[in-house]
Structures are given as C-alpha cells and as structure tokens.
Protein chains: 2
Amino acid sequence: MSVHVTGISGIPLIQKGDDLPAIICRNTTFEDGDILCIASTIVSKAKGYTRALADITPSPDAFRISGLTKEDPRFIQAILDSSTEIIQEYPFILSEVPCGHVGVRAGVDNSNIEGENIIILPKDPSAECREIRAAIKKITGKDVGVIVTDTCGRAFRRGQCGNAIGWAGMTAIRDFRGDHDLFGLELEITEEAVVDEIAAFSNFIMGESDNGIPAVKFSGCGTWKGHDSLFFTKEEDLIRKAMKR
Amino acid sequence: MSVHVTGISGIPLIQKGDDLPAIICRNTTFEDGDILCIASTIVSKAKGYTRALADITPSPDAFRISGLTKEDPRFIQAILDSSTEIIQEYPFILSEVPCGHVGVRAGVDNSNIEGENIIILPKDPSAECREIRAAIKKITGKDVGVIVTDTCGRAFRRGQCGNAIGWAGMTAIRDFRGDHDLFGLELEITEEAVVDEIAAFSNFIMGESDNGIPAVKFSGCGTWKGHDSLFFTKEEDLIRKAMKR
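About the cut-offs
Residues numbered from 1 in each chain as written. Chains lettered and ligands numbered in written order. Predicted model: local features only at pLDDT ≥ 70, side-chain atom pairs only at ≥ 80, totals over all residues. Heavy atoms only, no water. Buried < 20%, exposed > 50% of the residue type's maximum accessible area, 1.4 Å probe, protein only. Helix = DSSP H or I, 4+ residues; strand = E, 2+ residues; numbered from the N terminus. Pairing = 2+ DSSP bridges. Contact = heavy atoms within 4.5 Å. Buried area = accessible area lost by both parts, 1.4 Å probe. Salt bridge = Lys/Arg side-chain N within 4 Å of Asp/Glu carboxyl O. Polar contact = N/O pair within 3.5 Å; in protein donor to acceptor, adjacent residues only side chain to side chain.

As annotated in an unreviewed UniProt entry, chain A is F420-0--gamma-glutamyl ligase from Methanocorpusculum parvum.

Caption draft 1: Molecular detail of the pairing of strand E12 (residues 215-219) of chain A. Residues and elements named next belong to chain A. E12 sits mainly inside the fold: four of its five residues count as buried. Alignment of strand E2 (residues 35-39) against E12, held across four bridges, turns out to be antiparallel. Considered in E12, the bridge of Ile 35 is made with Phe 218.

Caption draft 2: Summary view of the interface of chain B and chain A. Taken residue by residue, the interface counts 78 residues in chain B and 78 residues in chain A. Between chain B and chain A, a total of about 6900 Å² is buried, with carbon and sulfur atoms accounting for 60% of that surface. Between the two partners, chain B and chain A, sit six salt bridges. Linking Arg 154 of chain B and Asp 196 of chain A is a salt bridge whose minimum nitrogen-to-oxygen distance equals 2.9 Å. Summed over the shared surface of chain B and chain A, the number is 39 residue pairs in polar contact (both at pLDDT 80 or more). Taken together, the elements giving at least two residues each to the side of chain B that touches chain A come down to strand E1 (2-7), strand E9 (161-168), strand E10 (173-175), strand E11 (191-192), helix H6 (194-206) and helix H7 (238-244) of chain B.

Caption draft 3: Local environment of unusual backbone geometry. All names here are of chain A. The residue after Tyr 90, namely Pro 91, is reached through a cis peptide bond having omega 10°. You can see Pro 91 is positioned in the loop between strand E4 (85-88) and strand E5 (94-96). Positioned with a positive phi, Ala 106 is a non-glycine residue whose angle comes to about 50°. By the element assignment, Ala 106 lies in the loop between strand E6 (102-104) and strand E7 (117-119).

Caption draft 4: Main features of the pattern of salt bridges. In the structure shown here, the tally under the stated rule is 33 salt bridges over all chains. A salt bridge links Arg 157 of chain B to Asp 196 of chain A, with the shortest nitrogen-to-oxygen separation between them at 2.7 Å. Separated into two different chains, Arg 157 of chain B in the loop between strand E8 (145-152) and E9 and Asp 196 of chain A in helix H6 (residues 194-206) make up a pair that spans both. No difference in accessibility class separates Arg 157 of chain B from Asp 196 of chain A, as the two residues are buried. One salt-bridge network, in which partners are shared between bridges, spans Glu 85, Glu 96, Lys 234 and Arg 240 of chain A.

Rendered as structure tokens:
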C-alpha cells in the first residue's frame, strides 16, 4: 500500500460565511476514495462557531474555576457552556463535549483568531463532515471521505496529537474481528481507531504554528469495514472512572 | 508539504538472528531524510526477545492476577517480569516498561508467533532504532530516521492506535515554543508528539492482521526542532496519579 499525503496550501484566512468546500476545491483536486482532513478551527470559523469574550457573563462556577486555573472567567464560562460533563477542573478543565469527545478545555481555542474572540468546537462534527462531503461531491463529482480534526493531549505521554472528532464516508474503527494473524490464530486486538491514525498524521502535516495548512488530502488509503463507536461511554471508560473517583 | 508513505512488502517471517536492516534494504530503497517505522514485533523476533511459556514459573502474584484476568499465569508472569511499575491489574494489566512507555500487558504479545511462545518488547527501543539507523547508513549510505512502533489503547477512546516506543534520527517532540500563530500571538500549545503521529499512520498502513506489512517508509517529512521527553514522569502524569489513587 502506498499513500500520498498532501498539505493543501493556498487556503486564505477563513471568515464566517466562507464556503469552505468551494475554497478547498479551488486549491486541490480530488479523486474517488481520497480522504480530506480539516482542522476543526476553520470549520468553526466558516460556520461562525465563535464567541466574543465581551458577550460572556461568567457564572459563580466559572469564577471559582478561574481562581484555580488563573484563566479568564469568561473563557472558563465558554468551556462550561461547551461541555456536557466536567471530568477534571484543575490544572486544566477536561470535559466531554456533545459528540462524545473528551478534550482539554472542551476544545475552546483562543489562538488563531483575531481580537478578544474564541473558537468553539462544532457541536456535531460528523454532521459537518457529511455536509462538506456532500458539497465536494456536488462540486467535483468525486466521492471523498472527510475527517474533522482537533489536537489533544494524551494519558502517559507528553505532547499533543491530532485526533478525529468527526468523520463521514468511512467508519471510525477498522474492525478485524474474525481475521487471523500470520499463524492463523484469531486476533485478540480487533479494533483499530483508523480515523485517529489518519487525523494524527494530518496534524503532523498541518503543524500547529503559523504555516497555515489547515487541510490535508490522503490519496490511496483504500477502504475498510468497521463501526463508528469511537468514544467510550462513561461506563466503559476505566480511566474516566478513576479520574471521577 | 507532500509526503509519500509506502508499506514495505516482501519482508518474510522474521526469525531470531535475522539481519533486519539488510532484509528491509533488500525490499525498498532509501533517500536521505526518509523515516522508517518498524513494528516492535519484528525487532523483538530478530533479536530473540521472545520467551517460551513452558520456561516460565509463575509467582504467587501472577497466580493471583491470573485469577482476576483469566489469562495464563505464565503469560501474566512474563508481563510482571517486563514491567517496572504496575498501574492497574484488572481487567487487564497496565504497566510501565523500562523505556518509560505505559502499555497494556507491558506490550507482551502472544499473536503473530508460533506455538506456545510470546514476544516481549525490546528493553531499550531507542537503542534498537539507533542500531538499525546505523546499519541502514552502512548498507545504503543514506541518513534515515527510525521509529519502533507498538499498538496501544487510549483514554476516552475505543480502539488501538500505533505509538512510537523508540526513535532515532529525530526528536520525539516538535517544540513550537517561541513560534506564533496566524495573528502573531505566542502559541500556548507548544509540544507536538510527532513521532506518535507518524507511528499512528504507519500502523494504519501496516494493519493488525495477516497482511504482513511490518515496516513503512515515509518520504518528505522534513525536519523539526524539539526534544525527546515523550514519556511523562509519574509526578507529571495526572491520569496515572488518578489511577494509582
């Protein structure tokens, strides 16, 4: 298997109302089966999923947590507003967001945006992916998989990696159940989080800095069978249980 | 940036004593700056980092944990022997290994090996990478980065992903400290675990199954500045603290 991975350059600073699929299609070409990774930041900017700090009134909880983390209480309030469950408050808020993803500060981002504004994650990132996928199909006639990515820290390991928070045109998990290893034994490890593996490498291509590559195209990934249960439920998640204990 | 990622096919089943760098170089060509990801499994097989279950005498602790997990007590003993600290015993052992990596069952693997044998992780995976890197330089004259990978589960998310457990010819972390975002603000997220992002995508190319692609070549990744502190210390790791609480 051979895959070609291309950072899509030439994408301008995205503003609310911009037609993101059209802009991306002006800056690259697609073939059937390509996978497009897009940083959640530009999806949120195009859709206007941003907030002005001046418009946010912090709750008592936001002031209390702000006293711990030393962050702007309005920023904390935006995180609380974006969260369905707070797993940890300090030294940074770790919480679940509506799509099931667990992330630091609920993915609320105060970088790469002008003035006293913040970017919030799309509420339903997979719905955004389906919309972008349909738009690309309309523009190019090509069947392209779409992944929306965010960067996250990890347990046990330093540093951020790209993760998938939404996807369309593929399953999140490649499921090897029933497959056999090199010696014919049935595999014990049967679920591979392929959308996260693809998102991780797209983040390597994007970088975090001012190089402005918010979209990455993968050509040659092939297809797989699997399912979409990427996010653990509370009951399944041993680490989450330990942190809430 | 454009990266070409190639699964190296034609690698035979690896046996103890095989010259892995020579075998890999017979099945692909390298250019300066390429990065080679290798599944830890074949590094361990080539070096004989395997054990026969028949040779292992379980300790009382291994019998006790075996009663919880319902796994072979000799397999449990091998995990205990490979671990420097046990973080969790049940429903599966999660432990730290000598290089600082935290993994399920200490990376001890009973798949993809013949008979009643198990594969254990290299004790110093980065030393293996340096050795393979030097051998490739000797064979091809080319300066190639090397990453040894293993698959691991994650907090909050279902499914396995590839991770780096050793590396040479690059730093593990790309450090953006001092860099600025698109609007000139100094970046808050400054450390990106690039070796894990590359390892993750190499695992997508390898698959977990019987397709037998244990090595992947990345061409065009460029260079970065950073450091090698990939593994959290016990004191830094909030999740580990919560699990040991």
